[in-house]
Amino acid sequence: MADLFHRQAKNYAESRPSYPEELFEFIASKTPNHDLVWDAGTGSGQAAKSLAKLYKNVVGTDTSQEQLDYAPKLPNVRYQCTPPNIPMSELESSVAPPGTVDLVTVATALHWFDLPTFYQQVKQVLKKPHGVIAAWTYTVPEAYDNIPLVNEKFDAVFQQFCADSQPYREPAIKLVEDKYKGIDFPFEPVGYGANHTGPFVFTTERVMDLEGFLLFIRSWSFYQTAKEKGVELLRDDVVESFKRAWSEDGGDRKVVKSPIYLRIGKVGNLE
C-alpha cells in the first residue's frame, strides 16, 4: 500500500486539504503537557505543521521518503523515514524513549496500520496515565444540510463517479466510510465527564477550481489502484461531465467541504 503513496507524493502534497485549527486546539486541550508529539504516518506533514504551533517538539514518521521530501521544514519538527512496522528495539531511536510522549497523532492513515503492533508501540511511548492518542480521517466531500457540494448537477456526477470507483476501493477504506466508528481503538475516554472516544466531528474546507478538485481525486488510493489495473476512472467523458456541471452556476472556484471524524483517548495504565 505504501507504494501507492510513493508514486503520488507530489499530488498528495499539493491537493490534500489542510485540517482546521479547531481540531488541533481540541486535541491539545486534552493533553496535560505540550512537550512532545509523535505524528505517525505524517505523509507530507499536513498535521505536523499545525502540531508544531502547539507543542515544543514533533516527530513525524512515514514509510515514504518521497512524501517526507514535500513536508514543511520547521525547527521543532524532526522527520524520520521508517519501515511499516517499526521494530520495538528501534522505537526509541526512531521516535522517543518509553513514557516520554504527550500525544500520538495519526492523520488519515490509521486504517492502513497494523493496529495491534502500532498500539503496542503507542502504549510504550506515551506518558502514563494521561498520554493521549488522536486519530482522524475525512471522507469524500459531501453535501451539508441539504446544501449541494457544488450544485445538484455536479453532485449527481460525483456520486456516479464514487459508485464507479467502488470496485477499486481497498478493504481498509471501509473503515473510513464507516467514519472510524468500527475501527479498533482500545483507549479510555479523555476529558472531564467524557464517556466515549468518538468519533467527534469537525469540518475541513478548501477553495478549489476544477483542476484542483480533479487533482484531489487523483491523489486517492483507489484512483491509483484502478490505474494499475488498466482502468482510468477520470476518462475524457467523465472529466467533460465534471466540467459542464462545475461551471453551471458560474464561478471557477468553489468552497469544497469534507467532514472529519476524530477518535481520541488516553492510554491510562494499559500495558
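Use the structure listed above.
Residues numbered from 1 in each chain as written. Predicted model: local features only at pLDDT ≥ 70, side-chain atom pairs only at ≥ 80, totals over all residues. Heavy atoms only, no water.

Chemist: Could you give an account of the side chain of T42, with specific residues and numbers?
Modeler: With respect to the helices, strands and loops of the structure, T42 is situated in the loop between β1 (36–40) and α4 (46–51). Accessibility expressed as a relative area gives 5% for T42, which makes it buried. A polar contact of 2.6 Å, which involves the side chain of T42, links it to the side chain of D39. (Helix = DSSP H or I, 4+ residues; strand = E, 2+ residues; numbered from the N terminus. Buried < 20%, exposed > 50% of the residue type's maximum accessible area, 1.4 Å probe, protein only. Polar contact = N/O pair within 3.5 Å; in protein donor to acceptor, adjacent residues only side chain to side chain.)

Chemist: Tell me what's going on with helix α8 (residues 152–165), and back it up with residues and numbers.
Modeler: With 14 residues, α8 should cover 20 Å at 1.5 Å per step; its first-to-last C-alpha distance of 20 Å lies within 8% of that length. Those residues of α8 lying buried are F154, D155, V157, F158, F161, C162 and S165. Buried residues in α8, looked at end-on, bunch into an arc of 160°, giving them a common side. The outward face of α8, more than 90 degrees from its buried face, is lined by the exposed residues E152 and Q159. The elements touched by buried residues of α8 are α10 (210–218), α11 (221–228) and α12 (236–246). (Expected span 1.5 Å × (residues − 1). Arc of directions from axis to C-beta. Contact = heavy atoms within 4.5 Å.)

Chemist: If you had to explain the environment of V125 to someone new, which residues and values would you point to?
Modeler: As for its position among the elements, V125 is in helix α7 (residues 115–125). Separated by 27 residues in sequence, V125 and P98 place their C-alpha atoms 4.3 Å apart. Non-local contacts of V125, meaning those with residues more than four positions away in its chain, are made with W38, L91, A96, P97, P98, G99, T100, V101 and V104.

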